[in-house]
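Each chain, letter by letter, is given below.
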Number of protein chains: 2
Amino acid sequence: MGGDHGPPAVVGGVRDYVRRHGAQNLKFLLHGDEAAIQAEIARLHLDPALIEVRHTDKVVAMDEKPAQAMRRGKGSSLWNAIDSVKQGEAGAVVSAGNTGALMAISKLILRMSAEALERPAIVAGWPTLKGITAVLDVGANVESDARQLIQFAIMGEAYHAAVNGVEKPVIGVLNVGSEDMKGHEEVREAHRILRSGELDLPYYGFVEGDDIAKGTVDVIVTDGFTGNIALKTAEGTARFISTLLKEALTSSVQSKIGALIALPALKVMRRRIDPNAINGGPLLGLNGIVVKSHGGADASGFGAAIRIAVDLARSDYLEKVGVSLGRLGEVIEAVEAAQTAAPSTEEATK
Amino acid sequence: MGGDHGPPAVVGGVRDYVRRHGAQNLKFLLHGDEAAIQAEIARLHLDPALIEVRHTDKVVAMDEKPAQAMRRGKGSSLWNAIDSVKQGEAGAVVSAGNTGALMAISKLILRMSAEALERPAIVAGWPTLKGITAVLDVGANVESDARQLIQFAIMGEAYHAAVNGVEKPVIGVLNVGSEDMKGHEEVREAHRILRSGELDLPYYGFVEGDDIAKGTVDVIVTDGFTGNIALKTAEGTARFISTLLKEALTSSVQSKIGALIALPALKVMRRRIDPNAINGGPLLGLNGIVVKSHGGADASGFGAAIRIAVDLARSDYLEKVGVSLGRLGEVIEAVEAAQTAAPSTEEATK
């Protein structure tokens, strides 16, 4: 029921997904207003065997505060959808609804698997010159210590392998420079631990803001404050340049003619940065798979978010992350012990 | 002597500045290799009365570490240029040299005026849909508490008024959302103090990453870690889209013809985001005016940096900032006292 478009985008997203990837023995469990959902299923001529509808009248409003949604949300479509993952009925949940409520209720029902995380981490699939880079956290963990940053690295690596099909994703830590002594203590400690190799994650080192769109690495780890601002700054920059481009190409009859001739090529370019094509941000760190779709996503955008949920649910993502997170405490201790034993090496890099 | 181009960009920058803005009784004091500088002056037919050359053989290399440059830099062109501000011989210094060295030696010679700052704050002039927004710190203060953020606000406001001619610049604090309870304690405390009105700075509230390019406010305040990453992310995004656009417009004969026809309009657009046109990042928080030019700036870029230095030096920037910084301690105490007296108001916003 969530998002700007409700059932048309969600049911349309199911159709879009099945058209692109086939039904693959999947079944879709849709929670919400049965009449509205069935009307969409009929309108789009979808195979009814593909979908099961669970009726509820109750919805979480898009502007409801997370705390309020947690208290009053029981029995809502959002709540029931998450609960169906908890009950083992569904392999994953996808929602275009209220992000704060999705996060809070997911945490309440599914619980965090990475106990150091305050809130689930949100991954952005960032279009780059080389393909897609996974950047996390772009969400809600405003202050992240070294342990959390490494949890992001573990989850981001497993996510990228499962969803973007990269076998040994290379990880970078976002910083203001590439030298060991740059940045604050949290990133430097995460850097030391990842660099130690103890976690068996391919590690590149520090990356800077302009490395994101270059595609320097596959997975970029950062605290949720910086990640959120970087993501929105990039979106703002893209919109700014698009606006200038549009203004330029409509500024005179001559430029309009030029734009018209170049239009097919410009359309190809547009597709590469189409937000719908890269829609779907999983909330990582939960005991279960939860994918957030942009509220404004259309059917093809919602279909893209379903694709991420299916790929994650069909992969060994949860087990793999579970094992690595389980080893984390011991790894951090080992690296710290080695450092205390040989502080001169560390000093030498300053 | 600094930057990728040395004297040609610097002497060329002087010519560019004078051509655009007139000599205005200015005199330019150039420090470095006299023969190389004089050769450029002759080549460009510049009025010799406009320029005084102070010879030195010594230069700070572009890759020298700041600590090294501080120890060994005495008598170098960089050192002497900064020292001429300290001695009252020059009203401002402009350098395209080693940023770390410029920062360290400026701090050593001129000293910080804002004692809470560890290092000078760097301002970026960010092109937006409405003109230019000043964003600071994009440099070296990786962890900034509320007091430092407010110092950035004070300096950014005075800077924007002096350099971009905006009479009452409106300030925003960069955050992950616009509500009072969003973000970490540092931004929330800065928000409370700015909102109190005690500092007589026009304050908008929190802004998000996509507000930068929208031009929502005139001055955006953030810690140097986030600011640096936001700036480089925006640069990377702009370069990414330019690359896609170039690829699109050269992908076929048809699109090449279209691009050729639209070329004049595309050139106008390009000029709006030309890094040379917005070159020049002042290091704020020092007892003196220091402007950093991009190392890669050409003569017109260096001329833009000179413009910023002249405007700052001719304004009441230093006095204005001095007065506001002087009042800061008392203002923070007053706001904190009011808060302690009425904690319920604060609680109510959570």
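Per chain, residues are indexed from 1 in the order of the written sequence. Whichever chain is written first is A, and whichever ligand is written first is 1; the rest continue in order. For this predicted model, a pLDDT threshold of at least 70 governs which residues receive local features, and a threshold of 80 or more governs which side-chain atom pairs are given and counted, while totals over whole chains, interfaces and linings are taken from all residues.

**A short note on the overall build of chain A**
Here comes step 1: Scanning chain A from terminus to terminus reveals 13 helices and 10 strands.
Here comes step 2: The long-range fraction of contacts in chain A, counting pairs at least 24 apart against all pairs at least 6 apart in sequence, stands at 72%. Numbering of helices and strands runs from the N terminus; a helix is a DSSP stretch of H or I covering at least four residues, while a strand is a stretch of E covering at least two. Throughout, a residue-residue contact means that the two C-beta atoms, derived from backbone geometry, are no farther apart than 7 Å.

**Some remarks on helix α2 (residues 34-43) of chain B**
Residue and element names in this part refer to chain B.
Here comes step 1: Buried, partly exposed and exposed are defined by the number of other C-beta atoms within 10 Å of a residue's own C-beta, namely 20 or more, between the two limits, and 12 or fewer respectively, with C-beta atoms placed from the backbone. Taken together, the buried positions of α2 are Ile37, Glu40 and Ile41. One face of α2 carries all of its buried residues, which in axial projection span an arc of 100 degrees. Exposed residues on α2 whose side chains face more than 90 degrees from its buried face are Ala35, Ala42 and Arg43.
Here comes step 2: Buried residues in α2 make contact with α1 (7-21), β1 (28-32) and β2 (51-55).
Here comes step 3: A positive phi of about 55 degrees marks His45, the residue just after α2. To obtain the arc, one takes the directions from the helix axis to the C-beta atoms.

**A few points about the interface of chain A and chain B**
Here comes step 1: Taken together, the 48 residues of chain A in the interface contact 48 residues of chain B.
Here comes step 2: At the level of elements, α8 (209-214), α9 (224-249) and α10 (253-272) of chain A are the ones that each hand at least two residues to the side of chain A that touches chain B.
Here comes step 3: A per-element tally of the side of chain A that touches chain B places α9 of chain A first, with 21 residues.
Here comes step 4: Amino acid classes used here: Ala, Val, Leu, Ile, Met, Phe, Trp, Tyr, Cys and Pro are nonpolar; Asp, Glu, Lys and Arg are charged; the rest, including Gly, are polar. For the side of chain A that touches chain B, the residue count by class is 26 nonpolar, 14 polar and eight charged.

**What about unusual backbone geometry?**
Residues and elements named next belong to chain A.
Here comes step 1: In this structure, Asp137 follows Leu136 across a cis peptide bond, with omega equal to 0 degrees.
Here comes step 2: Mapped onto the elements, Asp137 comes out in the loop between β5 (131-136) and α6 (146-164).
Here comes step 3: Its identity is not glycine, yet Gln24 carries a phi of approximately 45 degrees, on the positive side.
Here comes step 4: Along the chain, Gln24 falls in the loop between α1 (7-21) and β1 (28-32).

**Things to note about the sheet that holds strand β10 (residues 290-292) of chain B**
Residues and elements named next belong to chain B.
Here comes step 1: Strand pairing is assigned whenever DSSP detects at least two bridges linking the two strands. Judged by pairing direction, the sheet is mixed, and its eight strands sit side by side in the order β3-β10-β9-β4-β5-β8-β6-β7 without closing on themselves. Where the open sheet ends on each side, the last strands, each with one partner, are β3 (93-95) and β7 (203-207). On average, each strand axis in the sheet is tilted by 30 degrees relative to the strand beside it, whichever way the strands run.
Here comes step 2: As defined by bridge partners, strand β5 (residues 131-136) adjoins strand β8 (residues 219-221) across three bridges and the pair is classed as parallel. Axes here refer to lines fitted to C-alpha atoms; in helices the fit is confined to the stretch in contact. Angles between the N-to-C directions go from 0 to 180 degrees.

**Notes on helix α4 (residues 77-86) of chain B**
All names here are of chain B.
Here comes step 1: Taking burial as the measure, the 10 residues of α4 include seven buried ones, the bulk of the element.
Here comes step 2: Taken together, the buried positions of α4 are Ser77, Leu78, Trp79, Asn80, Ala81, Ile82 and Val85.
Here comes step 3: Packing partners of the buried residues in α4 comprise β1, β2, β3, α5 (99-110) and β10.
Here comes step 4: Backbone geometry just downstream of α4 places Gly88 in the positive-phi region, at approximately 80 degrees.

**Notes on the sheet that holds strand β8 (residues 219-221) of chain A**
Residues and elements named next belong to chain A.
Here comes step 1: Strand order in the open sheet formed by eight strands is β3-β10-β9-β4-β5-β8-β6-β7, with mixed pairing between adjacent strands. Strands at the two margins of the open sheet, each flanked by one partner only, are β3 (93-95) and β7 (203-207). Shown here is a sheet whose adjacent strand axes are inclined to one another by a mean of 30 degrees, direction ignored.
Here comes step 2: Relative to β5, strand β4 (residues 121-128) is paired through six bridges, and the arrangement is antiparallel. Residue Gly125 lies in a different strand from β5, and its bridge partner there is Ala134.
Here comes step 3: On top of the sheet, α9 reaches β4, β5 and β6 (171-174); it is set at about 140 degrees to β5, its chief contact.

**Brief notes about the pairing of strand β4 (residues 121-128) of chain B**
Here comes step 1: With respect to burial, β4 of chain B is a largely interior element, seven of its eight residues being buried.
Here comes step 2: The hairpin turn running from β4 of chain B into β5 of chain B, its antiparallel successor, is two residues long.

**Quick look at the domain arrangement of chain A**
Accessible area lost upon the coming together of the parts serves often as the stated size of an interface.
Residue and element names in this part refer to chain A.
Here comes step 1: If you check the domain split of chain A, you get domain 1 (1-111 + 286-315) and domain 2 (115-228 + 272-278 + 317-350).
Here comes step 2: Relative to domain 2, the C-alpha centre of domain 1 lies at a distance of 29 Å.
Here comes step 3: Facing 15 residues of domain 1, the contacting portion of domain 2 comprises 11 residues.
Here comes step 4: Top contributing element to the side of domain 1 that touches domain 2 by residue count: helix α11 (residues 299-314), with six residues. Where each domain begins and ends follows an automated or database-derived domain assignment.

**A word on the relation of the copies chain A and chain B**
Here comes step 1: Between chain A and chain B, the superposition needs a rotation of 180 degrees and an axial shift of 0.0 Å, giving an RMSD of 0.0 Å. When the rotation and shift are considered jointly, the pair of chain copies conforms to a two-fold rotation axis. For chain A, the residue whose C-alpha comes nearest the rotation axis is Gly258 of chain A, separated from it by 2.0 Å.
Here comes step 2: In this assembly the copies share their binding face: 100% of the residues contributing to the interface of chain A also contribute to that of chain B. Alignment of the copies relies on least squares applied to C-alpha atoms, considering only residues that score at least 70 for pLDDT in both.

**Description of the packing of α6 of chain A against helix α7 (residues 185-195) of chain A**
Residue and element names in this part refer to chain A.
Here comes step 1: One can describe the packing of α6 onto α7 by two numbers: an axis separation of 8 Å at closest approach and a directional angle of 50 degrees. By the angle between their directions, the pair α6 and α7 is classed as oblique. When you trace α6 past α7, the crossing you get is right-handed. Taken together, the residues of α7 that come into contact with α6 (itself represented by Ala146, Leu149, Ile150 and Ala153) are Glu186, Val187, Glu189, Ala190, Ile193 and Leu194. Roughly parallel means an angle under 35 degrees; roughly antiparallel, over 145; roughly perpendicular, 65 to 115; everything else is oblique. Here a crossing is called left-handed whenever its near helix is offset anticlockwise from the far helix by less than a right angle, and right-handed whenever the offset is clockwise.

**Focus: the environment of Ala92 of chain B**
Residue and element names in this part refer to chain B.
Here comes step 1: Position of Ala92 among the secondary structure elements: in the loop between α4 and β3.
Here comes step 2: Between the C-alpha atom of Ala92 and that of Arg314, which follows or precedes it by 222 residues, the distance is 9.7 Å.
Here comes step 3: If we ignore the near neighbours within four places in the chain, the residues touching Ala92 are Val85, Ile289, Val291, Ala309, Leu312 and Ala313.

**Section: the pairing of strand β9 (residues 281-284) of chain A**
For a regular strand, side-chain orientation follows a simple rule: the groups alternate between the two sheet faces.
Residues and elements named next belong to chain A.
Here comes step 1: Taking every second residue as pointing to the same face, both faces of β9 are buried, with Gly281 and Leu283 on one and Pro282 and Leu284 on the other.
Here comes step 2: Two strands pair when backbone bridges link them, and β4 and β9 are joined in this way by two bridges, in the antiparallel orientation. Directly across from Ala121, in β9, lies its bridge partner Leu284.
Here comes step 3: In terms of strand pairing, β9 meets strand β10 (residues 290-292) through two bridges, oriented antiparallel.

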